Amino acid sequence: MLSVPLVMADLTRHLLQDSGVWASPGSSMYRPGCHVPGPIKFRCLSVVGWLFTILFTYSGFLCLIVSTLWSARVGTKVRAAWRSIRSEPNL
């Protein structure tokens, strides 16, 4: 249940910023006046950018992946398969 709000946080920030509810520069992803060449601009991210774009989004996806694997009982299945492989006699 936690993964959906975390993943949607940055999209909600964009929506609030574009509709004028959360005004810039307080809602800006990048620091004003920061120009780094190239497509990856991690050094220019503001605190809001780090929180929403990096921390919330990636932790939301991590929660989603972990909960999906947990729900599918992948750990139990891998352990059982590993024990089965290890207990077979060498051919």
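Residues numbered from 1 in each chain as written. Predicted model: local features only at pLDDT ≥ 70, side-chain atom pairs only at ≥ 80, totals over all residues. Heavy atoms only, no water.

A. Summary view of the state of the cysteines. Taken as a whole, this structure holds one disulfide when the rule is applied. Paired by a disulfide, Cys34 and Cys44 hold their sulfur atoms 2.0 Å apart. Taking the torsion about the S-S bond as the criterion, the Cys34 to Cys44 disulfide, at about -75°, is left-handed. Of this pair, Cys34 sits in the loop between helix H1 (3-18) and helix H2 (47-71) while Cys44 sits in the loop between H1 and H2, placing them ten residues apart in sequence. On the basis of relative accessible area, Cys44 is assigned to the buried category, the value being 1%. (Disulfide = S-S within 2.5 Å. Helix = DSSP H or I, 4+ residues; strand = E, 2+ residues; numbered from the N terminus. Buried < 20%, exposed > 50% of the residue type's maximum accessible area, 1.4 Å probe, protein only.)

B. Spotlight on helix H3 (residues 74-87). Relative to the 20 Å expected for 14 residues at 1.5 Å per residue, H3 spans 20 Å between its end C-alpha atoms, a close match to the ideal helical length. Burial within H3 is sparse, with just zero of its 14 residues counted as buried. (Expected span 1.5 Å × (residues − 1).)

C. How the structure looks around the pattern of salt bridges. Scanning the model with the defined rule gives one salt bridge in all. In this structure, Arg13 engages Asp10 in a salt bridge whose closest nitrogen and oxygen atoms are separated by 3.0 Å. Taken together, the residues span about one helical turn, with Arg13 and Asp10 both in helix H1 at a distance of three residues. For the pair Arg13 and Asp10, a shared accessibility class is recorded, and that class is buried. (Salt bridge = Lys/Arg side-chain N within 4 Å of Asp/Glu carboxyl O.)

D. How the structure looks around H2. Here H2 is 25 residues long and its end C-alpha atoms lie 34 Å apart, about the 36 Å a rise of 1.5 Å per residue gives. Looking one or two places after H2, you find Arg73, whose phi comes out positive at around 55°.

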